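One letter stands for each residue in the lines below.
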Amino acid sequence: DGRARKEDVFKLIPWIERMFDNGGVEYTVDEIRRVIDLRETTGSGKLTREDFCDGIVALATGVRSISLQELDVSIKTVEKAIDRISQTVKETHEFYLAKSARSDSSSSS
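Residues numbered from 1 in each chain as written. Predicted model: local features only at pLDDT ≥ 70, side-chain atom pairs only at ≥ 80, totals over all residues. Heavy atoms only, no water.

S.K.: Can you break down the layout of surface pockets residue by residue, with the values?
M.R.: Reported here for the largest pocket is a volume of approximately 210 Å³. Lining the largest pocket are 14 residues, with T41, T42, D51, T77 and K80 positioned closest to its centre. Those elements giving two or more residues to the lining of the largest pocket turn out to be β2 (46-48) and α5 (66-107). Broken down by element, the residue count for the lining of the largest pocket peaks at six residues, all from α5. Residues of the lining of the largest pocket, tallied by class, amount to three nonpolar, four polar and seven charged. (1 Å grid on protein atoms, 1.4 Å probe; cavity = no way out; pocket = protein on both sides within 12 Å on 5 of 7 lines; lining within 4 Å. Points joined across faces, edges and corners; volume = space filled by probe spheres on them. Helix = DSSP H or I, 4+ residues; strand = E, 2+ residues; numbered from the N terminus. Nonpolar A, V, L, I, M, F, W, Y, C, P; charged D, E, K, R; others polar.)

The following block contains the structure:
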């Protein structure tokens, strides 16, 4: 499904450390672990490549505060919920328009 288990992502920490060390990025292993934990937002124990990359890039570009990353994750979660709600409203509206059209055509017959 395009998502990786958190425990598998944790195994990438040594690779992330080497990448950060080679790039001169200031970090702590705890920050990397917290980013991985934070970016898993569904409760499934898995995270998407996009969520993982967003967190690591944010850390690499100097977003030191985990609270800023928490805010970013919260905003993305709300955006996804709004998209789902919007789709449901659209589908419901289309359903009732179609139902109304059927009702109008049957009453005019």
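S.K.: Explain the side chain of K6 to me, using residue names and the numbers behind them.
M.R.: Structurally, K6 is set in helix α1 (residues 6-10). In this structure K6 comes out as buried when scored by relative accessible area, which is 19%. (Buried < 20%, exposed > 50% of the residue type's maximum accessible area, 1.4 Å probe, protein only.)

S.K.: Residue-level account of a nonpolar patch on the surface, with values.
M.R.: Taken together, the side chains of L12, W15 and M19 make up a nonpolar region of the molecular surface, amounting to roughly 270 Å² of accessible area. Mapped onto the elements of the fold, L12 is located in the loop between α1 and α2 (13-23). (Patch = residues over 30% accessible without salt bridge, like charges linked within 9 Å, V, L, I, M, F, W, Y side chains within 5 Å. Areas by Shrake-Rupley, 256 points an atom, 1.4 Å probe, with all protein chains shown as cover. Salt bridge = Lys/Arg side-chain N within 4 Å of Asp/Glu carboxyl O.)

S.K.: Go over the confidence of the model for the chain, please, and point to the residues and values.
M.R.: Across the chain, the average pLDDT comes to 84, with 92% of residues at or above 70. Per-residue pLDDT, averaged within each element of the chain, yields its smallest value for α5 (82) and its largest for α2 (93). (pLDDT = per-residue confidence, 0-100.)

S.K.: Describe the nonpolar core, with residues and values.
M.R.: In this structure, I16, F20, I32, I36, F52 and I56 are the most contacted members of the largest nonpolar core, which totals 13 residues. Listing elements by their share of this core, those giving two or more residues are α2, α3 (29-39) and α4 (49-60). Those residues in contact with F20 that lie beyond four places of it in its chain are V25, Y27, I32, I56, L59 and A60. (Core = buried A, V, L, I, M, F, W, Y, C linked by side-chain atoms within 4.5 Å. Contact = heavy atoms within 4.5 Å.)

S.K.: So what about the packing of α2 against α4? Which residues, and what values?
M.R.: Relative to each other, α2 and α4 sit at 35°, their axes nearing to 12 Å. As for how α2 packs across α4, the hand of that crossing is right-handed. Across the interface between the two elements, I16, M19 and F20 of α2 pack against F52, I56, L59 and A60 of α4. When grouped by side-chain class, the residues that make up the contact of α2 with α4 number seven nonpolar, no polar and no charged. (Axes fitted to C-alpha atoms, helices over the stretch in contact; angles between N-to-C directions. Left-handed = near helix turned anticlockwise from the far one by under 90°.)

S.K.: Account for the pattern of salt bridges, naming residues and giving values.
M.R.: Applying the stated criterion to the full structure yields four salt bridges. R5 serves as the salt-bridge partner of D8, at 3.0 Å between the closest nitrogen and oxygen. D8 sits in the partly exposed class, given a relative accessible area of 29%. One salt bridge in this structure joins D37 and K6, with 3.0 Å as the shortest N-O distance. Of this pair, D37 sits in helix α3 while K6 sits in helix α1, and the two are 31 residues apart along the sequence. The exposure class assigned to D37 is partly exposed, which follows from its relative accessible area of 38%. Ionic contacts of the salt-bridge type, sharing partners, join the residues R5, E7, D8 and K11 into one network.

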